[in-house]
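Each chain is listed here by its residues.
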Amino acid sequence: MRWLIELLFAVFLVALAVYALTLLPKSPVAVTAGRQDVESAYNYLVQLSMDPSFLGALQNYICGYSPPQQVLNMLSSVIPPTYIFNLTVTLVESSPPPCLACAQYNETFSFARPWGWPGSASSASATAMVVLPDGAPVEITLYLARP
């Protein structure tokens, strides 16, 4: 019975040490890298939101005229392979233009590398409101992280 108490005490001490280490401030290198990732997320998002061909490809995908691979190829050409990403597009108004009549209000579309990566709170993110070529307003959120 004594060995069980000693084992529990040892596990408690290890858990306490891990908890104490998580409370330490981040190193300056980690803070700088985090800032660079946020800056990169905003730069890529602005670059994409000002590209008429990307907005057209996004609209074509939402309208069902093209496969998601066209949008993913454009994202991969802008965002370097040193990042994994998730681009989430949400329709923000209740009355979409004629092309998007089949889409629902607050419908969300997602594009990720690697496929299925949902983005996370620990990744750098940037959000922008964009108007597609046919006048549909959308909210675009880009999550970036290093693999």
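Bear in mind that the values here come from a model prediction, so they are computed numbers and not experimental data. (Residues numbered from 1 in each chain as written. Predicted model: local features only at pLDDT ≥ 70, side-chain atom pairs only at ≥ 80, totals over all residues. Heavy atoms only, no water.)

Can you tell me about the pairing of strand E1 (residues 84–91), naming the residues and giving the values?
Burial analysis of E1 places eight of its eight residues in the buried class, the great majority of the element. Of the two faces of E1, the one carrying Ile84, Asn86, Thr88 and Thr90 and the one carrying Phe85, Leu87, Val89 and Leu91 are both buried. Where E1 lies against strand E4 (residues 137–145), eight bridges are found, and the strand directions are antiparallel. Across the sheet, residue Leu91 finds its bridge partner in E4, namely Val138. (Buried < 20%, exposed > 50% of the residue type's maximum accessible area, 1.4 Å probe, protein only. Helix = DSSP H or I, 4+ residues; strand = E, 2+ residues; numbered from the N terminus. Pairing = 2+ DSSP bridges.)

Lay out the packing of aromatic side chains in plain terms, naming residues and giving numbers.
Overall, the coordinates contain three aromatic pairs when judged by the stated rule. Ring geometry for Tyr44 versus Tyr83: centroids 6.2 Å apart, planes at 75°, classification edge-to-face. In this pair, Tyr44 sits in helix H2 (residues 28–49) while Tyr83 sits in the loop between helix H4 (68–78) and E1, placing the two residues 39 residues apart along the sequence. Tyr83 shares its class with Tyr44; the two are buried. Seen from their ring centres, Tyr61 and Phe111 are 5.1 Å apart, and the 70° between their planes marks the pair as edge-to-face. Of this pair, Tyr61 sits in helix H3 (residues 52–62) while Phe111 sits in strand E2 (residues 108–113), placing them 50 residues apart in sequence. Overall, the relative accessible area of 24% leaves Tyr61 in the partly exposed class. Every member of this aromatic cluster is reached through a ring pair, and the members are Tyr61, Phe109 and Phe111. (Phe/Tyr/Trp six-rings, centres within 6.5 Å; stacked < 30°, edge-to-face > 60°.)

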